[in-house]
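Topology and contacts: notes
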Amino acid sequence: MIEVFQQHSTFWISTMVILSALVGSFLNVVIYRLPEMMKRQWRCECTEFLELDETAQMIKDKQRFNLSFPVSHCPHCKSSIKPWFNLPVIGYLLIKGKCVNCKQPISPRYPIIEFFTAALGGVIAWYFGVSLDAILLLGFLWALISLTMIDADEKLLPDSITLPLLWVGLLIHINSSWLSSDLLTQITLTESLLGAAAGYMSLWSITFLFKVIRGKEGMGAGDFKLFAVFGAWFGIKALIPIILLSSAVGAVVGITILIIQKKSIDKTTLPFGPYLCGAALLYVFFAADIQNLLFPQL
Ligand SMILES: [Zn+2]
């Protein structure tokens, strides 16, 4: 199978595009249900800890709800969606963006996420070729898309995504002979460990100082863990480029949103995760160029 992929790069890329589209469809479920699962659990834990009486909300929270149950259904009329209409992007086009049963429009965000996941998956397969690096970075991409959307929606970066991503980032650098790309082989295990520690500690310290001076939280612990992930995957030297890129993009987007919504900066908390993820993805493709630009070799 690997030989077939190596001989026919278009077959490799198209397989990864289709795989990414199918994963994108699953990511839609993760993005919507994972924060809801976390909130239900928190509410149950709070009620138990405070020894409160069971409320209607708590009875609802205890009902079965996970990534596979209940099956996908229309948010308006609750009728279940036929498997063939669940096909990424195509399913949405077949039903012309409307529920087959009640004709209410279904958000175009689902096919957009599927399309975006498939397109970026194809770019990774093309850029890194048939390699373990490509497989690892596809997993990295899928995790980052979920984190971006969950943080944008709910201002949450779930540990159940960031922590496994951190461990994988450290483990892949144990033996660089498994890998082939400059992006990953040039990082030693020491640089990866230092990257993870420095990533976490740097944002933690900034937030701590911010809290002392301004008396409020500037960033969440999820951001520290996410930054540690990038240090683990791409080494300590990737941290400065990624934070500079994300701050630049974040400032532009943040100011634009504030101007459009006409809210003051104190009343609006902007999630930082999406910018960190965007910057990390740019780094995946342009690491060498970005490094040369920031730290020119004399
Ligand atoms: Zn419906």
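Being a predicted model, the structure only gives us computed values, none of them experimental.

Rules of the game
- Residues numbered from 1 in each chain as written.
- Predicted model: local features only at pLDDT ≥ 70, side-chain atom pairs only at ≥ 80, totals over all residues.
- Helix = DSSP H or I, 4+ residues; strand = E, 2+ residues; numbered from the N terminus.
- Core = buried A, V, L, I, M, F, W, Y, C linked by C-beta atoms within 7 Å.
- Buried ≥ 20, exposed ≤ 12 C-beta atoms within 10 Å, placed from the backbone.
- Domains from an automatic or database assignment.
- Contact = placed C-beta atoms within 7 Å.
- Nonpolar A, V, L, I, M, F, W, Y, C, P; charged D, E, K, R; others polar.
- Expected span 1.5 Å × (residues − 1).

Moving on: the environment of Val-29. Within the secondary structure layout, Val-29 lies in helix H2 (residues 9-49). In sequence terms Val-29 and Val-71 are 42 residues apart; their C-alpha atoms lie 9.9 Å from each other.

If you look at the biggest cluster of nonpolar residues, it comprises 64 residues, and the most contacted ones within it are Leu-137, Leu-141, Leu-144, Phe-230, Ile-242, Leu-276 and Ala-280. Ranked by residue count, the leading element in this core is helix H6 (residues 132-154), at 13 residues. Mapped onto the domain boundaries, this core takes at least three residues apiece from domain 1 (1-130) and domain 2 (133-298). Residues contacting Leu-144, with those up to four places away along its chain left out, are Cys-277, Ala-280 and Leu-281.

The next subject is unusual backbone geometry. Negative phi values dominate among residues other than glycine, just as trans dominates among peptide bonds. Going from Phe-69 to Pro-70, the amide bond is cis rather than trans, its omega being -5°. Residue Val-89 is not a glycine yet carries a positive backbone phi of 55°. Relative to the helices and strands, Val-89 is located in the loop between helix H3 (56-61) and helix H4 (90-94). One non-glycine residue with positive phi stands out, namely Lys-155, at about 55°.

Attention now moves to the domain arrangement of the protein chain. On domain assignment, one finds that the protein chain holds domain 1 (1-130) and domain 2 (133-298). A separation of 24 Å is found between the C-alpha centroids of domain 1 and domain 2. Across the contact, 19 residues belong to domain 1 and 16 residues belong to domain 2. A total of nine residues in the side of domain 1 that touches domain 2 trace back to one element, the largest contributor, which is H2. A per-class count over the side of domain 1 that touches domain 2 returns 15 nonpolar, four polar and no charged.

For H6, built from 23 residues, the straight-helix expectation of 33 Å at 1.5 Å per residue is met to within 8% by its first-to-last C-alpha distance of 33 Å. Burial of H6 is extensive: 17 of the 23 residues sit out of reach of the surface. Looking one or two places after H6, you find Lys-155, whose phi comes out positive at around 55°.

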